[in-house]
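What follows is the residue order along each chain.
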Amino acid sequence: MSDCLFCKIAAGEIPSNKVYEDEVCFAFYDIAPQAPSHFLVIPKEHIASVSAISADNSAIVAHIFEVIAKITKEKGIESYRVVSNIGEQAGQSVPHLHFHVLSGRDMTWPPG
Ligand code: AMP
């Protein structure tokens, strides 16, 4: 999508601190980290949020979770939280599907 921040980051049109990239997804460190390690994993294809996942694109999401397992394993991250905010009330500020991967500090449950 031409006017989407994360589409531009995935395309390399806006710089980011890249963690991982393949033909399907892109991972980069969050600009405002909420934990000692905080990166985002996004599909290269524009998907607005979890609410837009369907049988047509769910293979992309499965791949993203494989990539999360791979990146965390490679980085020696054993305990972490994966979060996706959907909609304004939940705190979604960028309307392009993304999974936050947070680690390196104690976390509370339930989240605030
Ligand atoms: P959410 O609020 O769940 O939609 O998450 C969006 C995340 O994107 C926030 O944690 C922001 O800090 C992060 N973010 C926004 N712009 C950038 C950017 N240019 N590079 C890296 N992370 C960003």
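Residues numbered from 1 in each chain as written. Predicted model: local features only at pLDDT ≥ 70, side-chain atom pairs only at ≥ 80, totals over all residues. Heavy atoms only, no water.

Help me understand the pairing of strand β2 (residues 25–29), please; the structure alone is not making it clear to me.
Residues in a regular strand point their side chains to alternate faces of the sheet. Burial analysis of β2 places four of its five residues in the buried class, the great majority of the element. Across three bridges, the pairing between strand β1 (residues 18–21) and β2 is antiparallel. For K18, the partnering residue across the bridge sits in β2 and is F28. Turn length for the β1-β2 hairpin, with the two strands adjacent in sequence and antiparallel, is three residues. With five bridges joining them, β2 and strand β3 (residues 37–43) adopt antiparallel strand pairing. (Buried < 20%, exposed > 50% of the residue type's maximum accessible area, 1.4 Å probe, protein only. Helix = DSSP H or I, 4+ residues; strand = E, 2+ residues; numbered from the N terminus. Pairing = 2+ DSSP bridges.)

Which parts of the structure should I look at to understand the nonpolar core?
The nonpolar side chains of soluble globular proteins are, as a tendency, buried together. Residues F39, V41 and I64 are the most contacted members of the largest nonpolar core, which totals 16 residues. Counting only elements with at least two residues in this core, the list comes to β2, β3, α2 (58–75) and β5 (99–103). Per-element accounting of this core gives the leading share, six residues, to α2. Once you skip the residues sitting within four places of it in the chain, I64 turns out to touch C25, V41, I42, P43 and F99. F6, C7, F26 and F28 belong to the second-largest nonpolar core, a separate cluster that totals 10 residues. (Core = buried A, V, L, I, M, F, W, Y, C linked by side-chain atoms within 4.5 Å. Contact = heavy atoms within 4.5 Å.)

Any chance you could explain unusual backbone geometry here in plain terms?
Residues apart from glycine generally show negative phi values, whereas peptide bonds are mostly found in trans. Note that the residue after W109, namely P110, is joined by a cis bond; omega there is 5°. With respect to the helices and strands, the residue P110 is situated in the segment after β5.

Would you mind showing me how to read the packing of aromatic side chains here?
Each pair of aromatic rings is reported with the distance of its centres and the angle of its planes. Here the structure, examined in full by the defined rule, presents four aromatic pairs. Taking the centre distance of 6.2 Å and the plane angle of 85° together, the rings of Y29 and F39 count as edge-to-face. Taken as a pair, Y29 in strand β2 and F39 in strand β3 lie far apart in primary sequence, 10 residues in all. Residue class for Y29 comes out partly exposed when judged on its relative accessible area of 28%. A centroid spacing of 5.0 Å and a plane angle of 70° characterise the contact between F65 and F99, whose relative ring orientation is edge-to-face. Placement of the pair is F65 in helix α2 and F99 in strand β5, with a sequence separation of 34 residues. By way of ring pairs, the aromatic residues F6, F26 and F28 are connected into one cluster. (Phe/Tyr/Trp six-rings, centres within 6.5 Å; stacked < 30°, edge-to-face > 60°.)

Explain the side chain of H100 to me, please; I cannot follow it from the model alone.
As for its placement among the helices and strands, H100 is situated in strand β5. With relative accessibility at 13%, the residue H100 sits in the buried group. A distance of 2.9 Å separates the side chain of H100 from the side chain of H38, its partner in a polar contact. Not counting residues up to four positions away in its chain, the partners in contact with H100 are D30, H38, F39, L40, R81, V82, V83 and N85. (Polar contact = N/O pair within 3.5 Å; in protein donor to acceptor, adjacent residues only side chain to side chain.)

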